[in-house]
Amino acid sequence: MKDLLQVGIITGTHGLKGEVKVFPTTDDKQRFLDLDDVILDTGSELLEMKVEYCKFFKQFVFVKFEGLDDINDVEKYKRCPLKVTRENAVALEEDEYYVADLIGLTIVDDSGVTIGVLRDVIKTGANDVYEVHTQDGGTVLLPAIKECILDVDTEEGIILVHLLKGLMDG
């Protein structure tokens with residue numbers, strides 16, 4: 001399990017006073033209102049940043065960090081992910097998981113056959129879709145619905161699934 005969870009990616013600057021435009025990668029962008037600090041991943045280092053304020057516009061969140069008061073201070077952080085510690089992450093409901101904890105888990109069907117490894121979780125709006133890299137090098141897309149996903153065991157590293165008719169056909 002990863003200790004840092006991504007909540008957004010800086011897509012650019014906003015205005016001249018050090019605000020950054022963030023594309024949220026969390027289910028609930030309102031969670032930015034509760035962030036006192038965030039970890040900026042520059043690729044070479046992790047910087048703990050204090051959040052001065054945030055505001056919302058369309059699908060974006062504009063964030064102002066304490067001490068960065070000029071566009072030149074933040075321009076270098078374009079395309080950098082914003083992360084939080086697991087302790088600062090949003091609490092999960094029953095049968096909810098962080099995507100970071102699911103990637104890499106082995107997908108096994110209810111007859112005991114290993115299908116492959118979870119590579120990605122695709123957000124579709126209606127329900128998530130699990131992209132599974134199969135053992136023969138192919139890809140299977142599984143809807144993340146109760147009829148298909150029977151059990152998730154992050155401790156054992158296994159997701160037990162029921163393959164609905166037509167999912168593995170050709």
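Preceding this paragraph is the structure being described.
Residues numbered from 1 in each chain as written. Predicted model: local features only at pLDDT ≥ 70, side-chain atom pairs only at ≥ 80, totals over all residues. Heavy atoms only, no water.

Peer 1: Can you help me understand the environment of leucine 35 in this one?
Peer 2: Its location among the elements puts leucine 35 in the loop between strand 2 (19-24) and strand 3 (37-41). On the accessibility criterion, leucine 35 (7% relative accessible area) is buried. Setting aside its immediate chain neighbours within four residues, leucine 35 contacts Val7, Val51 and Val84. (Helix = DSSP H or I, 4+ residues; strand = E, 2+ residues; numbered from the N terminus. Buried < 20%, exposed > 50% of the residue type's maximum accessible area, 1.4 Å probe, protein only. Contact = heavy atoms within 4.5 Å.)

Peer 1: Quick question: what am I supposed to make of the pattern of salt bridges here?
Peer 2: Where charged atoms from two side chains of opposite charge approach closely, those side chains can pair. Across all of its chains, the model carries 7 salt bridges by this definition. Across the salt bridge formed by lysine 64 and glutamate 52, the nearest N and O atoms sit 3.3 Å from each other. Highlighted residues: lysine 64 in strand 5 (residues 60-65) and glutamate 52 in strand 4 (residues 46-57), separated in sequence by 12 residues. With relative accessibility at 43%, the residue glutamate 52 sits in the partly exposed group. The closest approach of N and O atoms between aspartate 69 and lysine 64, which form a salt bridge, is 2.6 Å. Relative accessible area serves as the criterion here: at 4%, lysine 64 is assigned to the buried category. Linked by salt bridges that have partners in common, Glu52, Lys64 and Asp69 make up one network. (Salt bridge = Lys/Arg side-chain N within 4 Å of Asp/Glu carboxyl O.)

Peer 1: Explain the sheet that holds strand 8 (residues 114-123) here, please?
Peer 2: Consider a sheet: its strands pair through backbone hydrogen bonds, and that pairing is either parallel or antiparallel. A sheet is described by the order of its strands in space; here 6 strands give the open sequence 10-9-8-7-12-11, paired in mixed fashion. Of all strands in the sheet, those bounded by a partner on one side alone are strand 10 (139-143) and strand 11 (149-153). Going across the sheet, the axis of each strand differs from the next one's by a mean of 35°, ignoring polarity. When strand 7 (residues 106-109) meets strand 8, the two strands line up antiparallel, connected through 3 bridges. Of the residues in strand 8, the one forming a bridge with threonine 106 is valine 117. (Pairing = 2+ DSSP bridges. Axes fitted to C-alpha atoms, helices over the stretch in contact; angles between N-to-C directions.)

Peer 1: Hey, could you run me through the side chain of aspartate 41 in this one?
Peer 2: By secondary structure assignment, the location of aspartate 41 is in strand 3. Within the local environment of aspartate 41, its side chain forms a polar contact with the backbone nitrogen of glycine 43, the two atoms lying 2.9 Å apart. If sequence neighbours within four positions are ignored, aspartate 41 has contacts with Leu46, Cys80, Pro81 and Lys83. (Polar contact = N/O pair within 3.5 Å; in protein donor to acceptor, adjacent residues only side chain to side chain.)

Peer 1: What should I look at first to understand the packing of aromatic side chains in this one?
Peer 2: Centre-to-centre distance and the angle between the planes together describe a pair of aromatic rings. Under the counting rule described, the total for this entry stands at 2 aromatic pairs. Between phenylalanine 23 and phenylalanine 60, the aromatic rings sit 6.3 Å apart at their centres with planes inclined by 65°, giving edge-to-face as the arrangement. Here the residue phenylalanine 23 occupies a position in strand 2, and phenylalanine 60 occupies one in strand 5, the gap between them amounting to 37 residues. For phenylalanine 23, a relative accessible area of 37% gives the class partly exposed. The exposure class of phenylalanine 60 is buried, given its relative accessible area of 16%. Over the face of the ring belonging to phenylalanine 60 we find lysine 21, whose NZ or CZ atom lies 4.5 Å from the ring centre. (Phe/Tyr/Trp six-rings, centres within 6.5 Å; stacked < 30°, edge-to-face > 60°. Lys NZ or Arg CZ within 6 Å of the ring centre and 35° of its normal.)

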